[in-house]
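Examination of the molecular architecture
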Amino acid sequence: MSYTKTSASFILSFFIAAILIQGCNSKEKSLKQAENKFQKPHIIFDTDIGGDYDDVGALAMIHALADNDEIEILATIASNVSPLVVPSIDVINTYFGRPNLPVGAPKTEGVAQDCGELHWSDSLSANYPHRYQKTSDAPDAVGVYRKILAEQPDTSVTVVTVGFLTNLKNLLLSGPDSFSPLNGKDLVAKKVKLWVAMAGKFPEGKEYNVMKDSASSVYVIENWPGKVVFSGFEIGVEVLTGLRLIKDGAPESPVRKVYAISIPKREYDKNGRRSWDQTAVLVAARGINPYFDVQKGKFIAHADGSNSWVDDPNGRHEYLLQKMPSDSLAYQIETLMMHTIRSFNSSLCSRKTTSNICTLDFTPR
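As annotated in an unreviewed UniProt entry, the protein chain is Nucleoside hydrolase from Maribellus comscasis.

This is the structure we're talking about:
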C-alpha cells in the first residue's frame, strides 16, 4: 500500500514536471521566434529595374530570402521613371505570391532608363499579371517610405538601393506629414539601421548609379545620417550568373524568362550576366561574412558622377572587398535567383499550354 502511494505520487510528480518543462520550452520557443522576427532584416528594396536586368535577379533573391524566413520585405520601390519599371516589379512580386507589396515611384523629375532593345520588360508586362500598367500609376515613393518607416520599430529597417538615389534625396528633404511629425532626415535617423547601396567604384572611379542622378548622389551620400555599406562596381563585375538559371530554372518563372531573353542578345554576357545588384542584397540579408571584407572610411561623391574615398577606421561608410571567390559567390547568388514557388496559377497567364505552363511570346516588338 505504501509502495503504491509512493509510485502514484512519483508518476504524478513526473507528469507535472513534464508539463512544466514543456510549457517552459514552448514559451522559450515563442520568445526565440519573436526575437528572430525582430532581428531579421526588414528591407525596403529600391531599384532602377529596367535599365539592366541584374535587378530582376536581385528582386528574385529578395523573395527567396523572405520565403526562407531570413528577411521581411516592407516595400519594393522604383527609382527609375521609365514606364515599364513598376509593372516589372509588380510582375515579379505577384509571381512570388506577394501581389500586395507596397510599391512606389518618384513623382519628381527623375532618370528614365530602359533596355528596350532586349524586350524583356515589355514581354513581362504583356504576359504576366500585375496591378500597375505604367510606373506613373504607382504611389509617391516618398509617401511610401515615410508611411512604412513611421510604422516600424526604431533602428529596425534596412534600406537596399540598387539604382539611382533620387528617392532617398526626396525622402531626406521631406517635411512632417500625416505619417510622422519628423522631417525626412530625422525619420531616417530614428528608423533606419543600415543602408546598403550598389553604388560607386572603389577606391575611386565612376559608376552608373551614382553618375545618372549625380546631384541626388552627392546630397544623399553627404547627408545620410547612419551607417552605409557600398557594393562597388568592381565587386559584381566578376560575379556571373544566369546560365544555370536558364538551364535548370522553373520554365514559367519570369526571372528565368528575362535572363533567357537577354543573355543571348549580348556577346559580352555569353558567360553570364554581371551581378552587381545581387551582391548588395546578399549583404543586406546575411551580412558581410563570409562573403566579403570591408574598408571603413568616407565616400566622396562628385558633381560629375565620379567618386573618391578617404580611409578612416571610425568612418560610417564601408565598401566591400572581395573575400569569397567570384564563382563560389555566383553559385550562392544564382541558387537564390532560382528559387521556386510552391504553386503558380497559370490561369493568370495570357496564354497557356495543355500542361498549364505559361506560353509566352518573346518575339521583339
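1. Here's the deal with the overall build of the protein chain
Looking only at helices and strands, the protein chain features 14 helices and twelve strands. Sorting the 365 residues of the protein chain into buried and exposed places 52% on the buried side. Pairs at least 24 apart in sequence give 81% of the contacts found in the protein chain among residues at least 6 apart. With the model as given, the accessible surface of the protein chain reaches about 16500 Å², and the carbon-plus-sulfur share is 55%.

2. Topic: the sheet that holds strand β10 (residues 292-301)
Ordered in space as β3-β2-β1-β4-β5-β7-β12-β10-β11-β6, the ten strands form an open sheet in which the pairing is mixed. The sheet terminates laterally at β3 (103-104) and β6 (205-206), the two strands that pair on one side only. Two elements, strand β4 (residues 157-162) and strand β5 (residues 192-198), share five bridges in a ladder whose sense is parallel. Across the sheet, Thr 158 pairs through a bridge with Leu 194, a residue of β5. Against the sheet, helix α3 (residues 85-95) makes contact with β1 (42-47), β2 (72-78) and β3, and its axis sits at roughly 155 degrees relative to β2, the strand it touches most. Taken strand by strand, helix α13 (residues 276-286) contacts β1, β4, β5, β7 (228-231), β10 and β12 (317-322), and its axis lies near 160 degrees from that of β5.

3. Thoughts on the packing of aromatic side chains
Following the criterion strictly, the structure yields twelve aromatic pairs and no others. Where Trp 195 meets Phe 230, the ring centres are 5.9 Å apart and the plane angle is 65 degrees; that geometry is what we call edge-to-face. With Trp 195 in strand β5 and Phe 230 in strand β7, this residue pair connects regions lying 35 residues apart in the sequence. Residues Trp 195 and Phe 230 agree in their burial class; the two are buried. On the basis of an interplanar angle of 90 degrees and a centroid distance of 5.6 Å, the ring pair of Phe 202 and Trp 309 is categorised as edge-to-face. Of the two residues, Phe 202 sits in the loop between β5 and β6 while Trp 309 sits in strand β11 (residues 306-311), which places them 107 residues apart along the sequence. An aromatic cluster is present here, built from Trp 195, Phe 202, Trp 224, Phe 230, Phe 299, Trp 309 and Tyr 319 joined pairwise through their rings. Positioned over the ring face of Tyr 331 is Arg 244, at 4.0 Å from the centre of the ring. When the ring centre of Tyr 53 is taken as origin, the NZ or CZ atom of Arg 273, which lies over that ring, is 5.5 Å away.

Scoring rules and cut-offs
- Residues numbered from 1 in each chain as written.
- Predicted model: local features only at pLDDT ≥ 70, side-chain atom pairs only at ≥ 80, totals over all residues.
- Heavy atoms only, no water.
- Helix = DSSP H or I, 4+ residues; strand = E, 2+ residues; numbered from the N terminus.
- Buried < 20%, exposed > 50% of the residue type's maximum accessible area, 1.4 Å probe, protein only.
- Contact = heavy atoms within 4.5 Å.
- Areas by Shrake-Rupley, 256 points an atom, 1.4 Å probe, with all protein chains shown as cover.
- Pairing = 2+ DSSP bridges.
- Axes fitted to C-alpha atoms, helices over the stretch in contact; angles between N-to-C directions.
- Phe/Tyr/Trp six-rings, centres within 6.5 Å; stacked < 30°, edge-to-face > 60°.
- Lys NZ or Arg CZ within 6 Å of the ring centre and 35° of its normal.

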